[in-house]
Amino acid sequence: MKNWYKEISVYQIWPRSFKDSNGDGIGDLGGIIEKLDYIKSLNVDAIWFSPLYPSPNADYGYDIADYKNISPEYGTLEQFKVLIKEAHKRDLKIIMDLVVNHTSDECEWFKESKKGHDNPYHDYYFWRKGKGKKRPNNWISLFEGKAWKYNEDLDEYYLHVFSEGQPDLNWDNPKVREEVKSILRFWLDLGVDGFREDVITYISKAEGLPNGFPIPAACGMEHYSNGPHLHEYLMEMRKDVLDKYDCFVVGEAPMMTPKKAKKFITEGENQTLDMMFHFQHMEADCLFTDWVHMPFNLRKLKKVYSNWQKKLYKTAWNALYIENHDHPRIINRYGSLKYRVESGKMLAAMYILQSGTPFIYQGQEIGMTNITLDSFEQFKDVLTFNNYRMFKSLGLSDKTILKITNRASRENSRTPVQWTSEENGGFTTGTPWFSVNPNYTEINVEDADKDPDSILNFYRKLLKFRKENPIVIYGDYKEHNKCSSKIFVYERNYEGRRLLVVSSFTEKAVKFKAPKGFDLSSGELVLKNYDDETVVDNGFTLKPYETRVYLW
Ligand code: GLC
Ligand code: CA
């Protein structure tokens, strides 16, 4: 079925590091408004904002203290209304990040809930007595120690799957669900066009909060990921609120497989989400988490992509991304620093030309890369510190941990956007809240904009091509050269047209012959990252990280 949310491309802003307009070193709404024309120039159609709400920043905004307001660090609600208007004027939709698996511990609800067992907000959270001297169960937090924090006044513990500053909401309480609906309505009535729902698959916890399988990290996850009432609660949100608006919802879904996802995203009566962010394609160079490194494995990546493409075709819809605020930069991972420009373009074509709605993360469009920090004092993220303690307990040296952190930390994607070659990359006139990558002198928007061969201008071309060619949006998908560990080849078909996408993931030369039924000499080479268009014997030799896209 055709739908507007299938046809758009989305640009993700992580506000703190996007653009500072008042010199306090922190990105803000003023900075975003300044850059709306730039965003529009990428040929995207929507902006997803990582949280803009008031927050004590235990997890940089993913701990919300006030759901119906804008953080004073970023601006005011009035200013946000101007931003919505200005964005809509440019045909840019607005997508809010909805973080409702947990709140901040500074949220009024939590402050009330601490006041006593009889307080009407007490049951908004999971408060439990200890078992003797022990915690209520053995769950381990994903961000900070054990998953329970003791409160002396109440002589009870509260559950926090993420950091201590992020107490989990009790969705089994109907009042909590009413609060969430009220938040959804508030932003929809203000004019926003959709939501990205943070770790939404964690909201339903198993009854009785039983002990988890005793593993050293993420213990308990089987009792809150994809829990018993998840589908039911999402359906309630959809029926009571979302269905009444022309909006779309993408749910973040760790540990998701196509088979499980279909329960939520299969189009029709039972659908609760429009699409899901799964993580499987982000594991081609690691084991479940970026912190356990493995050599990059293209076959693993291709298998995941093809599985999602095939299983969802015609029945559900993919969300496509290769970067966001939770992962290191993709060129460092699946591409090459030596061939930064070539591999940056190749990766873009490789994922954006698949079937699904593409998301592009700030800085990705200019090929920003990881930063190397030389001491732990420079890091800012609660997860980095948690992992530091964990590696330390395993006996690793500071030097080794620093090396791992520089490669794996999600802070790599949180350095300020590099706008110009001036001081601080033009991000701020003050002192930036976090280190600017010193490579801003070479990698920045201003220079990329002027260079017709830049990654930036490739993204513009690519996103325009997607917009103008329904085959990219609605075509089918078939993979070729499956066994190759060096190249990724797939075709798309739609209403008599054909598209062939050929991408190399190596700096070695690779010989390629077009699949049966494709005549390269009659196809139009619509996108490429080298000037050479030579075709010999219906094939060609791929240069380092070369990509070619043919259209018939
Ligand atoms: C999601 C967010 C991440 C955050 C976590 C807890 O994974 O993308 O940034 O830390 O949820 O809210
Ligand atoms: Ca600012």
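Note that this is a predicted model, so its numbers are computed, not measured. (Residues numbered from 1 in each chain as written. Chains lettered and ligands numbered in written order. Predicted model: local features only at pLDDT ≥ 70, side-chain atom pairs only at ≥ 80, totals over all residues. Heavy atoms only, no water.)

1. Topic: the overall build of the protein
Within the protein one finds 16 helices and 20 strands. For the protein, the C-alpha radius of gyration of 23 Å lies close to 24 Å, the compact-globule estimate for 552 residues. On the principal axes, the C-alpha backbone points of the protein span a range of 80 × 55 × 50 Å. Across the 552 residues of the protein, 62% fall into the buried class. Residue pairs in contact within the protein that sit at least 24 positions apart in sequence constitute 70% of those at least 6 positions apart. With an accessible surface of roughly 21,800 Å², the protein has 51% of that area assigned to carbon and sulfur atoms. (Helix = DSSP H or I, 4+ residues; strand = E, 2+ residues; numbered from the N terminus. Rg over C-alpha atoms; globule rule 2.2 N^0.38 Å. Buried < 20%, exposed > 50% of the residue type's maximum accessible area, 1.4 Å probe, protein only. Contact = heavy atoms within 4.5 Å. Areas by Shrake-Rupley, 256 points an atom, 1.4 Å probe, with all protein chains shown as cover.)

2. Points about the coordination of the calcium ion (ligand 2)
Six octahedral donors around a metal ideally sit at 90 or 180 degrees from one another, while four tetrahedral donors ideally sit at 109.5 degrees. Taken together, Asp20 (OD), Asn22 (OD1), Asp24 (OD), Ile26 (O) and Asp28 (OD) make up the full set of protein donors to the calcium ion (ligand 2), lying 2.2 to 2.4 Å away. In primary sequence terms, the donor set of the calcium ion (ligand 2) follows D-x1-N-x1-D-x1-I-x1-D. On the basis of relative accessibility, which here comes to 4%, the residue Asp20 falls in the buried class. Residue classification places Ile26 among the buried residues on the basis of a relative accessible area of 12%. (Donors = N, O, S within 2.8 Å, 3.2 Å for Na, K, Ca; no water.)

3. Digging into the nonpolar core
Counting residues in hydrophobic clusters, the biggest one holds 169 residues, and the most contacted among them are Phe80, Trp187, Leu353 and Phe359. Non-local contacts of Trp187, meaning those with residues more than four positions away in its chain, are made with Tyr53, Tyr67, Lys68, Asn69, Ile70, Leu77, Phe80, Met96, Val192 and Phe195. Grouped together as the second largest cluster of nonpolar side chains are 14 residues, Ile487, Val489, Phe512 and Trp552 included. (Core = buried A, V, L, I, M, F, W, Y, C linked by side-chain atoms within 4.5 Å.)

4. Regarding the sheet that holds strand E5 (residues 148–151)
Spatially, 3 strands are ordered E4-E6-E5 in an open sheet, and the strand pairing comes out antiparallel. The open sheet is flanked by strand E4 (127–128) and E5, the only strands paired with a single partner. Sheet topology places E5 next to strand E6 (residues 156–159); 4 bridges connect them, and they run antiparallel. Of the residues in E6, the one forming a bridge with Trp148 is Leu159. (Pairing = 2+ DSSP bridges.)

5. Considerations on the domain arrangement of the protein
Assigned domains of the protein: these are domain 1 (4–102 + 174–373 + 410–462), domain 2 (108–159), domain 3 (374–409) and domain 4 (475–551). Between the C-alpha centres of domain 2 and domain 4 there is a distance of 56 Å. (Domains from an automatic or database assignment.)

6. Some remarks on the packing of aromatic side chains
Going through the model one piece at a time under the given rule, you end up with 47 aromatic pairs. Centroid distance Phe110 to Tyr125: 4.9 Å. Interplanar angle 85 degrees. Geometry classified as edge-to-face. Taken together, the positions of Phe110 in helix H5 (residues 108–113) and Tyr125 in the loop between H5 and E4 put the pair 15 residues apart, joining distant regions of the chain. The buried category is assigned to Phe110, whose relative accessible area is 2%. For Tyr125, a relative accessible area of 1% puts it in the buried group. For the pair Trp433 and Phe434, a centre-to-centre distance of 5.2 Å together with 35 degrees between the ring planes defines the contact as tilted. (Phe/Tyr/Trp six-rings, centres within 6.5 Å; stacked < 30°, edge-to-face > 60°.)

7. Description of the sheet that holds strand E7 (residues 194–197)
Overall, parallel pairing links the 8 strands, which are arranged E9-E8-E7-E3-E2-E1-E13-E12 in an open sheet. At either margin of the open sheet sits one strand with a lone partner, and together these are strand E9 (275–277) and strand E12 (319–320). Pairing between E12 and strand E13 (residues 357–361): 2 bridges, direction parallel. Its bridge partner being in E13, Ala319 is matched across the sheet by Thr357. Relative to E13, helix H11 (residues 340–352) is tilted by about 150 degrees, and along the sheet it contacts E12 and E13. (Axes fitted to C-alpha atoms, helices over the stretch in contact; angles between N-to-C directions.)

8. Examining the site of ligand 1
Surrounding ligand 1, one finds 14 residues, the nearest of these being Asp59, Asp198, Glu252, His325 and Asp326. Arg410 has a polar side-chain atom sitting 3.0 Å from an oxygen atom of ligand 1. About the coverage of ligand 1: the protein hides 96% of its 310 Å² of free accessible area. Cavity membership is defined here by more than half of the atoms lying within 2 Å of grid points; on that basis ligand 1 lies in the largest pocket. Of the residues belonging to the shell around ligand 1, the class tally is 4 nonpolar, 3 polar and 7 charged. (Near = heavy atom within 4 Å. Polar contact = N/O pair within 3.5 Å; in protein donor to acceptor, adjacent residues only side chain to side chain. 1 Å grid on protein atoms, 1.4 Å probe; cavity = no way out; pocket = protein on both sides within 12 Å on 5 of 7 lines; lining within 4 Å. Sits in = over half its atoms within 2 Å of the grid points. Nonpolar A, V, L, I, M, F, W, Y, C, P; charged D, E, K, R; others polar.)

9. A short note on the pairing of strand E15 (residues 487–494)
Within E15, 7 of the 8 residues are buried, which leaves it mostly tucked inside the rest of the structure. Across 3 bridges, strand E14 (residues 478–480) lies against E15 in antiparallel orientation. From the neighbouring strand, His480 faces E15, where its bridge partner is Val489. Between E14 and the antiparallel strand that follows it, E15, lie 6 residues; Asn481 among them carries a positive phi value of about 50 degrees. With 8 bridges joining them, E15 and strand E16 (residues 497–504) adopt antiparallel strand pairing. Among the inter-strand pairings, Ile487 is bridged to a residue of E16, identified as Ser504. Linking E15 to E16, which pair antiparallel, is a turn of 2 residues; within it Glu495 sits at a positive phi near 45 degrees.

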